[in-house]
Amino acid sequence: MNAKLLCLSLMVFIFLFGCSQGKETIGDENSNPEEDLNATSQKPPSLTVTIQEEEIAAVLGAYTWSYYDQEAGGMVAIEAESLPPSELAGSRKAPAVNSAASIKLKFEEEPISCKVNIWDAADKLKGSFKEVQLSGERGRTVYEVVATWERGTGHYVFPLTVE
């Protein structure tokens, strides 16, 4: 009886000791620790919209983003919701443009992909495009830019008055 108890105790001790010595790494085996350490920005890059010579800042709405948190010592993921595009644009100044105006989108960091949605006043999607479309629009128009990076996706909103 004592031999069985001794053997069982020894097995439990070995099991507990073996489990406590392992080191667990969370993340991709191919990830570069230096890149993770530099990924400390807690939000997607900012977007500046250039209309002819005038620059306006787009409003960051909903986003999903991951970053390295130095205090926690690991990657953190954020998922932020926002108001609908027309409410985000709110009473923001909507620069007047004609349908031939040159509109450029300049991100703080270039995204992997990007699309531009046009919304009506009732927050119904009118269309999705690869760039800002002015033709066919009249009056105050709300544009939403959806940009994707390796670390997440950001939704940006800006209004224009198309003449």
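Model, not experiment: these values are computed from the prediction.

Peer 1: So what's going on with the overall build of the protein? Which residues, and what values?
Peer 2: Within the protein one finds 3 helices and 10 strands. For the protein, the sequential pattern of α-helices and β-strands runs α-α-β-β-β-β-α-β-β-β-β-β-β. Looking at the protein as a whole, 33% of its 163 residues qualify as buried. Sequence separation of at least 24 residues holds for 61% of the intrachain contacts in the protein that already meet a minimum separation of 6. Just so you have it, the protein exposes about 11200 Å², and 52% of that area is on carbon and sulfur atoms.

Peer 1: Pulling in residues and values, what's your account of the packing of aromatic side chains?
Peer 2: Counted under the stated rule, the structure contains 4 aromatic pairs. Plain terms: the ring middles of Trp 65 and Trp 149 are 5.7 Å apart, the flat faces sit at 85 degrees to each other, and that makes the pair edge-to-face. Of this pair, Trp 65 sits in strand S3 (residues 59-69) while Trp 149 sits in strand S9 (residues 139-149); the two residues are 84 residues apart in sequence, bridging distant segments of the chain. The rings of Trp 65, Phe 107, Trp 149 and Tyr 156 are connected pair by pair, giving a single aromatic cluster.

Peer 1: Would you mind going over the pattern of salt bridges in detail, with residue names and values included?
Peer 2: Scanning the entire structure with this criterion turns up 3 salt bridges. Of the charged contacts, one joins Glu 137 and Lys 126 as a salt bridge, the two residues approaching to 2.8 Å between their closest N and O atoms. Taken together, the residues Glu 137 in the loop between strand S8 (125-129) and S9 and Lys 126 in strand S8 connect sequence positions 11 residues apart.

Peer 1: Kindly report on the environment of Glu 144, identifying the contributing residues and their values.
Peer 2: Topologically, Glu 144 is positioned in strand S9. Using a relative accessible area of 9% as the deciding quantity, one classes Glu 144 as buried. Those residues in contact with Glu 144 that sit more than four places away from it in its chain are Lys 115, Val 116, Asn 117, Trp 119, His 155, Tyr 156 and Val 157. One polar contact links Glu 144 to Trp 119, side chain to side chain, over a distance of 2.9 Å.

Reading the values: the criteria
- Residues numbered from 1 in each chain as written.
- Predicted model: local features only at pLDDT ≥ 70, side-chain atom pairs only at ≥ 80, totals over all residues.
- Heavy atoms only, no water.
- Helix = DSSP H or I, 4+ residues; strand = E, 2+ residues; numbered from the N terminus.
- Buried < 20%, exposed > 50% of the residue type's maximum accessible area, 1.4 Å probe, protein only.
- Contact = heavy atoms within 4.5 Å.
- Areas by Shrake-Rupley, 256 points an atom, 1.4 Å probe, with all protein chains shown as cover.
- Phe/Tyr/Trp six-rings, centres within 6.5 Å; stacked < 30°, edge-to-face > 60°.
- Salt bridge = Lys/Arg side-chain N within 4 Å of Asp/Glu carboxyl O.
- Polar contact = N/O pair within 3.5 Å; in protein donor to acceptor, adjacent residues only side chain to side chain.

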